[in-house]
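# Chain and residue survey
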Amino acid sequence: YNPYSDEFRKWHGRDVGFEQPPKPFRLPDQHWERTPLLERLNKEKITWRDVDIIQHFLADNGYILPRRTTMLTRPQQKALVKAVKIAQRMSLIPYFRKPEDYQAMPLTDPLQWVADRLTDRVIEHRDKRSHAMLQVMIERYPELTFKRFLAHEAREANRRQEYAAAAEG
């Protein structure tokens, strides 16, 4: 692939000479094909009562998908945003949803992802097994970031010291 070669220029019908920089290939604006499900959903009137329809336009974490993904018109996307906000206020759908471990795809280093999830379990549920696993990971993988876990440990140690001092005094 050489955009400056004669063969490339002839194939794409470009003029001779280096004065023109290579141009990107233009894709038509309507290059996305809607799925049959999206076709049916786009015909529906979107209201806050239709939680099953709204759920199709939400990401795994609860965020509203952008228009380029939903392929809705501007008025439809505005109606979707309004419906989602009303449904969230009425507690029909959650504001934010953290997917389960088996549903999530780690975008970072898998070991870092495991360390973050174990830290969440220690902080939220005081899980002793996760605590022990994190202590082993700190020894084996010192290059990972354990900042939240260590900060939590420091807070817990301070809390225990304050409790012991209050019990003595």
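Everything quoted here is computed from the prediction, not taken from an experiment. Every chain is numbered on its own, with residues counted from 1 as its sequence reads. In keeping with the model being predicted, local features are shown solely for residues with a pLDDT of at least 70 and side-chain atom pairs are shown and tallied solely at 80 or more, while totals for entire chains, interfaces and linings include all residues. No hydrogens and no water enter the side-chain calculation; it runs on all heavy atoms of the structure.

Moving on: the packing of aromatic side chains. Pairing of aromatic rings covers Phe, Tyr and Trp, the last counted by its six-membered ring, and requires centre-to-centre distances within 6.5 Å; plane angles under 30 degrees mean stacked, over 60 mean edge-to-face, and any other angle means tilted. All chains considered together, the criterion is met by one aromatic pair. Measuring from centroid to centroid gives 6.3 Å for Tyr63 and Phe96, while their planes differ by 55°, and the two rings are tilted. Placement of the pair is Tyr63 in the loop between helix 3 (51–54) and helix 4 (67–70) and Phe96 in the loop between helix 5 (74–89) and helix 6 (110–125), with a sequence separation of 33 residues. Per residue, the accessibility class of Tyr63 equals that of Phe96, and both read exposed. Helix numbering and strand numbering both begin at the N terminus, where a helix is a DSSP run of H or I of at least 4 residues and a strand a DSSP run of E of at least 2. Only protein chains enter the accessibility calculation, which uses a 1.4 Å probe. A residue is then buried if its area is under 20% of the maximum for its type, exposed if over 50%, and partly exposed in between.

Glancing now at the confidence of the model for the chain. Mean pLDDT over the chain stands at 85; residues scoring 70 or higher make up 85%. The pLDDT score gives, residue by residue, the confidence of the prediction method on a 0 to 100 scale. When the elements of the chain are averaged for pLDDT, helix 1 (residues 6–12) gives the smallest value, 79, and helix 7 (residues 128–140) the largest, 96.

Glancing now at the pattern of salt bridges. A pair is scored as a salt bridge if a Lys or Arg side-chain nitrogen falls within 4 Å of a carboxyl oxygen belonging to Asp or Glu. Enumeration according to the criterion identifies three salt bridges in this entry. With its nearest N and O atoms 2.7 Å apart, the salt bridge here joins Arg148 to Asp120. Of this pair, Arg148 sits in helix 8 (residues 147–168) while Asp120 sits in helix 6, placing them 28 residues apart in sequence. Its salt-bridge partner being Arg159, residue Glu156 comes within 2.7 Å of it at the nearest N-O pair. In this pair, Glu156 and Arg159 are both assigned in helix 8, three residues apart and thus about one turn of the helix distant. Residue class for Glu156 comes out buried when judged on its relative accessible area of 17%.

Lines fitted to C-alpha atoms define the axes, with helix axes restricted to the stretch in contact, and inter-axis angles between N-to-C directions lie between 0 and 180 degrees. It is at 12 Å that the axes of helix 7 and helix 8 come closest, and there the two elements cross at 120°. Put simply, helix 7 runs oblique to helix 8. Regarding helix 7 and helix 8, the two cross each other, and that crossing is left-handed. Of the residues in helix 8, those in contact with His131, Leu134 and Ile138 of helix 7 are Phe149, Leu150 and Glu153. Residues were grouped as follows: Ala, Val, Leu, Ile, Met, Phe, Trp, Tyr, Cys and Pro as nonpolar; Asp, Glu, Lys and Arg as charged; and all remaining residues, including Gly, as polar. Of the residues assigned to the contact of helix 7 with helix 8, the class counts are four nonpolar, one polar and one charged. Note on angle classes: values under 35 degrees are labelled roughly parallel, values over 145 roughly antiparallel, values of 65 to 115 roughly perpendicular, and the remainder oblique. Each crossing gets its handedness from the near helix: less than a right angle anticlockwise from the far helix is left-handed, clockwise is right-handed. Contacts: residue pairs with any heavy atoms within 4.5 Å of one another.

Core analysis: the biggest nonpolar cluster contains 14 residues, and Ile46, Ile54, Phe57, Leu80, Val84 and Ile93 have the highest contact counts within it. Elements supplying a minimum of two residues to this core: helix 2 (36–43), helix 3 and helix 5. Here the element with the most residues in this core is helix 5; it accounts for four residues. Beyond its immediate stretch of four places on either side in the chain, Ile93 contacts Val51, Ile54, Gln55, Leu58, Val84, Ala87 and Gln88. Counting eight residues, the second-largest nonpolar core is a separate cluster that includes Ala115, Leu118, Met137 and Leu144. By convention a nonpolar core is built from buried Ala, Val, Leu, Ile, Met, Phe, Trp, Tyr and Cys residues, the set being connected through side-chain atoms within 4.5 Å.

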